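The lines below spell out each chain.
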Amino acid sequence: MKRTPLYERHLALGGQMINFGGWELPVQYHGIIKEHEQTRNAAGLFDVSHMGEISVKGPGALRFLQRMVTNDVAAAQDFQAVYSPMCNENGGTVDDLLVYRQDSRSFLLVVNAANTEKDFEWLQSHASGDAEVRNVSDEYAQLALQGPYAERILQKLCDKPLSDIGFYRFRTDVRVAGVTAVVSRTGYTGEDGFELYIRPDKSSEVWDRLLEAGQSDGLMPAGLGARDTLRFEAALPLYGHELSDSISPLEAGLGIFVKLDKEDFIGKSALAKQKAAGLSRRIVGFEMTGRGIPRAQMTVLHHGAAAGVVTSGGFAPSVGKNIGMALVDAGCAAEGTGLDIVIRDKPVMARVVKRPFYCKKYKK
Amino acid sequence: MKIPEGLLYSKDHEWVRIDGGMAYVGITDYAQHNLGDIVYVELPALGAALNAGDILGGVDSVKSASDIYTPVSGEVVKVNDELGDAPEKINADAYASWIAVLKMTDASELNMLMDAEAYEEFCASEE
């Protein structure tokens, strides 16, 4: 199994280590609910160094990326991070990622850990001479500092004013505890917060300094368990659950990140066709009205007939309910529709509700 | 990790406390620790007749769902309804939080279970 540069820190902090897509990472330190609530109410520090980084550079970099991803990277400003699905020819999703635009010739893509190799090969197989694609995952450790106190904690260690970094903006010249870092106001929790990209050999030092600086504000290290409950309440998709090679971003409800009016990109014609014909299935949010906890892969029924499958599910600590997301026939995707989730071989009542389940106002 | 004397333990990390012909069944401290925050307990039906090894109920933590197996055969004569509203009691005290009481039909099954010392060794070997 692969280890991040913070492995020793996780052990020292009492992290319960698990295998996450080939990476040995802490699922929790002192309890998922505690870490979840602390991130919502104060701040949480996550080691997300397993995420992959791929650089795209050269005079043709912008044109190449415009063809590879569904969102419009040309419309973005320099030092803006763009969330985008990346599709195959059928409109299925190869991955969902962040594109950090430094300028029109230099981009950094941040991709799901388990997809790093696949994405790199996919990108490279489509690249031509004027766009160089490199897997630079080993050059970065990544920390996510999330929660309402994230800014004031991080500011204590930074030489640049963080209030200047808007939502989905970044800087590459911030020194965090003396270590040069890429700092973006991004995250995967539904809270305000930052992600830091730093040299692996300096990451333990930055991690320690952050925990120290945040102690008086209640900063706590948080594991993959809380990362999942936080993203799931905010209805943020997780690749392999709400998105996959066979689930399109339109079906996942990510239409605003698919710019069918920009120049040609891979998957465009399939997605345009899907949109014109009307979607046959959709990802919906639901909450349990009967007793039981929905889990990924459980069958969804509508009036007794199979209507889909749960993609994510569980107890949502900040909502106080058992909720889930499911890929269902479009006919039963309307808010208020009654569904049954088959839990331990028994149908349990649920109904379709609006997403996100949890919503906080971000700093824009 | 707590492993009290006087209880019997299964390899699936259930504990059994014998009181006359009745068996109180719950999950161990080791089990609750590994599951993490418990948010739902599925209790068996009163009156259900179960064989040792049958599913007695289920327990969901934030991260996963697990089945609970009954280590002894018998009829379910009591269920712990309190856990329906407060499943986190299992995290707080696994041995006070029995899930169900079975009226045992075969006391010899108890010979298959471990005492505290044997269970402690078993847990160590699971690590």
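Comments concerning the packing of helix H2 (residues 32–41) of chain A against helix H7 (residues 224–233) of chain A
All names here are of chain A.
Moving on, step 1. Between H2 and H7, whose axes approach to 8 Å, the crossing angle comes to 55°. Of the possible angle classes, the one that applies to H2 and H7 is oblique. In the packing of H2 onto H7, the handedness of the crossing is right-handed. On H7, the residues that touch Ile-32, Glu-35, His-36, Thr-39 and Arg-40 of H2 are Gly-225, Ala-226, Thr-229, Leu-230 and Glu-233.
Moving on, step 2. Classifying every residue of the contact of H2 with H7 gives 3 nonpolar, 4 polar and 3 charged.

Quick word on the sheet that holds strand S17 (residues 305–316) of chain A
Residues and elements named next belong to chain A.
Moving on, step 1. With respect to topology, 6 strands assemble into a closed barrel ordered S15-S18-S17-S16-S19-S20, the strand pairing being antiparallel. Pairs of neighbouring strands in the sheet enclose a mean axial angle of 45°, with direction left out of account.
Moving on, step 2. Alignment of strand S19 (residues 338–343) against strand S20 (residues 346–353), held across 6 bridges, turns out to be antiparallel. What sits directly across from Leu-339, in S20, is Ala-350.
Moving on, step 3. Against the sheet, H7 engages S17 and strand S18 (321–329), with an angle of about 120° to S17.

Some points on the interface of chain A and chain B
Moving on, step 1. The partner chain B presents 19 residues to the 15 residues of chain A that form the contact.
Moving on, step 2. In this assembly, chain A packs against chain B so that about 1,400 Å² is buried in total across both faces, 48% of it on carbon and sulfur atoms.
Moving on, step 3. Of all residues in chain A, Arg-291, Arg-295 and Arg-344 of chain A bury the most surface against chain B, accounting for 45% of the area lost on that side.
Moving on, step 4. Summed over the shared surface of chain A and chain B, the number is 4 salt bridges.
Moving on, step 5. In this structure, Asp-67 of chain B and Arg-344 of chain A form a salt bridge, with 3.4 Å as the shortest nitrogen-oxygen distance.
Moving on, step 6. Inspection of the chain A/chain B interface yields 12 residue pairs in polar contact (both at pLDDT 80 or more).
Moving on, step 7. For the side of chain A that touches chain B, the elements supplying multiple residues, two or more each, are strand S3 (23–28) and H2 of chain A.
Moving on, step 8. With 3 residues, the top contributor of residues to the side of chain A that touches chain B is H2 of chain A.

Focus: the domain arrangement of chain A
Where the parts come together, the accessible area they lose is often given as the size of the interface.
Residue and element names in this part refer to chain A.
Moving on, step 1. Segmenting chain A into domains produces domain 1 (7–49 + 140–233), domain 2 (52–135) and domain 3 (280–353).
Moving on, step 2. Between the C-alpha centres of domain 1 and domain 2 there is a distance of 24 Å.
Moving on, step 3. Across the contact, 11 residues belong to domain 1 and 13 residues belong to domain 2.
Moving on, step 4. Between domain 1 and domain 2, a total of about 1,200 Å² is buried, with carbon and sulfur atoms accounting for 60% of that surface.

What counts, and where the lines are drawn
- Residues numbered from 1 in each chain as written.
- Chains lettered and ligands numbered in written order.
- Predicted model: local features only at pLDDT ≥ 70, side-chain atom pairs only at ≥ 80, totals over all residues.
- Heavy atoms only, no water.
- Axes fitted to C-alpha atoms, helices over the stretch in contact; angles between N-to-C directions.
- Helix = DSSP H or I, 4+ residues; strand = E, 2+ residues; numbered from the N terminus.
- Parallel < 35°, antiparallel > 145°, perpendicular 65-115°, else oblique.
- Left-handed = near helix turned anticlockwise from the far one by under 90°.
- Contact = heavy atoms within 4.5 Å.
- Nonpolar A, V, L, I, M, F, W, Y, C, P; charged D, E, K, R; others polar.
- Pairing = 2+ DSSP bridges.
- Buried area = accessible area lost by both parts, 1.4 Å probe.
- Salt bridge = Lys/Arg side-chain N within 4 Å of Asp/Glu carboxyl O.
- Polar contact = N/O pair within 3.5 Å; in protein donor to acceptor, adjacent residues only side chain to side chain.
- Domains from an automatic or database assignment.

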